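# Structural overview for review
Read off the chains here:
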Amino acid sequence: MPREFLRQSWWVNFSIIFGVLLLLPIFSPEFRVPLYGKYLSFAFVALGIVLSWGYCGILSLGQGIFFGIGAYSLAMFLKLEASRPELPDFMVWSSVEQLPLAWLPFQSFSFTLICILVLPVLIAFPFTYLIFKKRVSGVYFAILTLALSLTLTVLIIGSQGGTGGANGITDFSTLLGWDVASDEARSRLYYLMLGLLAVCVTLMHYLVSSRYGKVLIAIRDREDRVRFSGYDTAWIKAATLSVSCVLASIGGAMFVLFTGLITPQLVGAVASVEMIVYAAFGGRVSVLGAVFAAFSIGWLKSALSEQFPQGWLFFLGGLFLLVTAVLPQGLAGLLGMFKKSPNSEGDS
Amino acid sequence: MSLEIFWMQLFSGVSYTAILLLMSLGLAIVFGLMGVINMAHGELMALGAYVTFMVANVFLTIFPKSVDTYILFAIPIAFLVTFLFGMFLEWSVVRWFYNRPLDTLLATWGLSLILQQTYRTVFGPQEVTIPLASWLDGAIEPFTGVQVPLNRIFIIVLTLVVVGVVYFLFFKTSMGLKVRAITQNRAIAETVGINTRQVDMYTFALGSGLAGIAGSVFTMIGSTNPGTGQLYIVDTFIVVVFGGVASLMGTALSSFIIAQLQTTFEFMTTSSYAKVLLMLIVVVILYFRPNGLFSSKVRT
């Protein structure tokens, strides 16, 4: 099949998915819109996992850490704004007298934004570069990152006065004086986020179809050969994972905007593994599949927990088994089988 | 630091070593020797704990007079049940994922979610506790001011027995020889006539059964809820990875080091900071020795 057609068919799928997401708020009750926003915040995370896991073969079970960096940064800023001039309520309860040093810079919005976008790189890049240099990869990397996300949860819960402990940070509603908890603001935010997501998806699509994407696939399939060809694979892997971490952090910040809370459970080990299933279900190498999967799994979670509270974990567990055993290429692979696309591997 | 505190500290470290070792021994076999990432290992421990709970209840209702002996029956039954369940898991799920470690990780994670929800549906979301047998309740005092709880001593002895049996199985029987042969080179092992399918199944089942024993022991020191397994799984993996995969000796030493560090840090700071410190130390050491402290050369 000619490349030109495949490219067009990607744009057709893109238009269908984003068209539906664009029209959705019009046809649904207003209280649903923030929920849609919440589901889509995970689409950013899933997008990052598609890049790092699907294309580069790095399974990081620590995406929750970076989701948490984005989420906590924004939540700290919003909380300070909500409680100014007093201290945030949970600090008062834990008898903290003075604003902790780490909180001071979060009084500035621009610092918070920089923190969301840059801090993940500053943490992820040096750490993973060293790890990849040592050629720790695959399962060991997965377990190491899982352990780190568990550690983070323990740390957050343990420092009640500085982080809100197990209850997390909540009870804030204004962003720079704008009431973001109102229905109208939330539907505006929804469109803003949808636009940002569309940009990220398009960039990602071009990124993975570029020569850089080819190197990633090569690293995933035969890393030693790529290394022998003279590439610094550790550098490429660390850079790729950093991009993925920034996306997770953006997702975390979006999550806070739409839900108005963040707790350690949402960034912990269990949540981190759950994020993987979004990418796995959509199809590890499918950029659009990730968006679709994040939205539909989020929607299913709400629907199932409303009607059969017991059913959700059975469903999620079954989904993990299904995508690994039967559908390694996810939904995108399933669609590809119907279309008999000859290029189901590389086509995103 | 006074001498009493030192002894108490040492003992609590040793008893924590026993618990960690019991927990990670099964995983050291399943993950270390077979290379299977079983994220549902914690749920197998929970299964052992629930089996113990049921056995204790059976004793309470049917043989209330001999209720004190329930633990002696519960441990073998827990082993047997999880052993059989492990065989079933290997046959139904795990065997389809050999040589796909990352997929195994995700599939068994799914399995663990399903098991957790099953426990929640069957036993309810609340914690279940079992009263400790009266002969294990109490403490002895070897020196004045040093209290040593009896149930901890029981756990230490049990761990020694289990480790001894596992050592015997792996290094003195033909089954163990086959397992080690497969670990070193699966293809050649198959060529010389070892039934690798069968050995895989029994090895996995043995690892699961050991998790069942660990779970049974947990009921003596704490309560059980559907999420219990998830609490321990990461720690268990860390012990195995830190000790060096495919080295049972390494697992034992790593349990000891991690337990001593954890109890010492806990004494100096709070338990959550102790855990964070410990994790950071493990990560730094793993950076310098990526194959664990006591790695042996294994072909993959």
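Residues numbered from 1 in each chain as written. Chains lettered and ligands numbered in written order. Predicted model: local features only at pLDDT ≥ 70, side-chain atom pairs only at ≥ 80, totals over all residues.

## Side note on the overall build of chain B
Within chain B, the regular secondary structure consists of eleven helices and two strands. Reading chain B from its N end, one meets helices and strands in the order α-α-α-α-β-β-α-α-α-α-α-α-α. Taking 2.2 N^0.38 as the reference for a compact globule, 300 residues should give roughly 19 Å; the C-alpha atoms of chain B span a radius of gyration of 19 Å, in line with that estimate. By principal-axis analysis of the C-alpha atoms, chain B measures approximately 60 × 50 × 35 Å. For chain B, with 300 residues in total, the buried portion stands at 48%. (Helix = DSSP H or I, 4+ residues; strand = E, 2+ residues; numbered from the N terminus. Rg over C-alpha atoms; globule rule 2.2 N^0.38 Å. Buried ≥ 20, exposed ≤ 12 C-beta atoms within 10 Å, placed from the backbone.)

## A look at the overall build of chain A
Within chain A, the secondary structure is distributed over 15 helices and four strands. Rg of the C-alpha trace for chain A: 20 Å, near the compact-globule value of 20 Å for 348 residues, within the 12% margin. Viewed in the frame of its principal axes, chain A has a C-alpha envelope of about 65 × 50 × 40 Å. Evaluated residue by residue, chain A yields a buried proportion of 46% over its 348 residues.

## Let's talk about the nonpolar core
Judged by nonpolar contacts, the single largest core of 190 residues is most densely connected at Ala43(A), Ala46(A), Leu47(A), Val50(A), Tyr278(A), Ala290(A) and Ala294(A). Those residues in contact with Ala43(A) that sit more than four places away from it in its chain are Leu197(A), Ala290(A), Val291(A), Ala294(A) and Phe295(A). (Core = buried A, V, L, I, M, F, W, Y, C linked by C-beta atoms within 7 Å. Contact = placed C-beta atoms within 7 Å.)

## Notes on helix α2 (residues 33–55) of chain A
Residue and element names in this part refer to chain A. Here α2 spans 32 Å end to end across 23 residues, near enough to the 33 Å set by a 1.5 Å rise per residue. Of all the bends in α2, the largest measures some 25° and sits at Ile 49. Among the 23 residues that make up α2, 21 are buried, leaving the element largely enclosed by the rest of the structure. Just downstream of α2 lies Gly 57, where phi reads positive at about 75°. (Expected span 1.5 Å × (residues − 1). Bend = angle between axes of the 7 residues up to and from the residue.)

## A closer look at the interface of chain B and chain A
Contact residues are listed per partner, giving 31 residues for chain B and 34 residues for chain A. Secondary-structure elements contributing two or more residues to the side of chain B that touches chain A are α4 (101–123), α9 (228–243) and α11 (271–288) of chain B. The element that contributes the greatest number of residues to the side of chain B that touches chain A is α4(B), accounting for 14 residues. When the residues that make up the side of chain B that touches chain A are grouped by side-chain class, the tally is 22 nonpolar, seven polar and two charged. (Nonpolar A, V, L, I, M, F, W, Y, C, P; charged D, E, K, R; others polar.)

## Concerning the environment of Pro100(A)
Residue and element names in this part refer to chain A. Mapped onto the elements of the fold, Pro 100 is located in the loop between α4 (89–93) and α5 (109–133). Using a count of 13 C-beta atoms within 10 Å as the deciding quantity, one classes Pro 100 as partly exposed. Each C-alpha atom of the pair Pro 100 and Gly 161 lies 8.9 Å from the other, and the pair is 61 residues apart in sequence.

## Here's the deal with the packing of helix α6 (residues 138–158) of chain A against α9(B)
Running from N to C, α6(A) and α9(B) point in directions that differ by 135°, and their axes come no closer than 10 Å. The angle between the axes of α6(A) and α9(B) places the two elements in the oblique class. Relative to α9(B), α6(A) is oriented so that their crossing is left-handed. On α9(B), the residues touching Tyr140(A), Ile143(A), Leu146(A), Ala147(A) and Leu150(A) of α6(A) are Val234(B), Phe237(B), Ile238(B) and Val241(B). A breakdown of the residues in the contact of α6(A) with α9(B) according to their chemical character gives nine nonpolar, no polar and no charged. (Axes fitted to C-alpha atoms, helices over the stretch in contact; angles between N-to-C directions. Parallel < 35°, antiparallel > 145°, perpendicular 65-115°, else oblique. Left-handed = near helix turned anticlockwise from the far one by under 90°.)

## What about the environment of Gly252(A)?
Among the structural elements, Gly252(A) can be located in helix α11 (residues 233–259). Gly252(A) has contacts with Phe67(A), Gly68(A), Ile69(A), Gly70(A) and Ala71(A), leaving out every residue within four places of it along the chain.

## Observations regarding the packing of helix α3 (residues 63–83) of chain A against α11(A)
Residues and elements named next belong to chain A. For the pair α3 and α11, interaxial distance at closest approach is 7 Å and the crossing angle is 45°. The angle between α3 and α11 places the two elements in the oblique class. Of the two possible hands of crossing, α3 and α11 adopt the one that is right-handed. Counting all contacts with α3, which are made through Gln 63, Phe 66, Phe 67, Gly 68, Ile 69, Gly 70, Ala 71, Ser 73, Leu 74 and Ala 75, the residues of α11 involved are Cys 245, Ala 248, Ser 249, Ile 250, Gly 251, Gly 252, Ala 253, Phe 255 and Val 256. Looking at side-chain class alone, the contact of α3 with α11 contains twelve nonpolar, seven polar and no charged residues.

## What to know about the confidence of the model for chain B
Here chain B averages 85 in pLDDT, and 97% of its residues register 70 or above. Here strand β1 (residues 139–140) of chain B stands out as the least confident element of chain B, with mean pLDDT 76; helix α3 (residues 70–92) of chain B is the most confident, with 91. (pLDDT = per-residue confidence, 0-100.)

## A few points about the confidence of the model for chain A
On average, residues of chain A score 83 in pLDDT, and 94% of them reach the 70 mark or higher. Low pLDDT, under 50, characterises residues 340–348 of chain A; the stretch is placed with 16 contacts to residues that sit more than four places away or in other chains.

## Topic: helix α8 (residues 183–209) of chain A
Residue and element names in this part refer to chain A. When the terminal C-alpha atoms of α8 are compared, their 39 Å separation across 27 residues agrees well with the 39 Å that a helix rising 1.5 Å per residue should span. Listing the buried residues of α8 in full gives Arg 186, Tyr 190, Met 193, Leu 197, Val 201, Met 204 and Val 208. Packing partners of the buried residues in α8 comprise α2, α9 (211–221), α11 and α13 (287–307).

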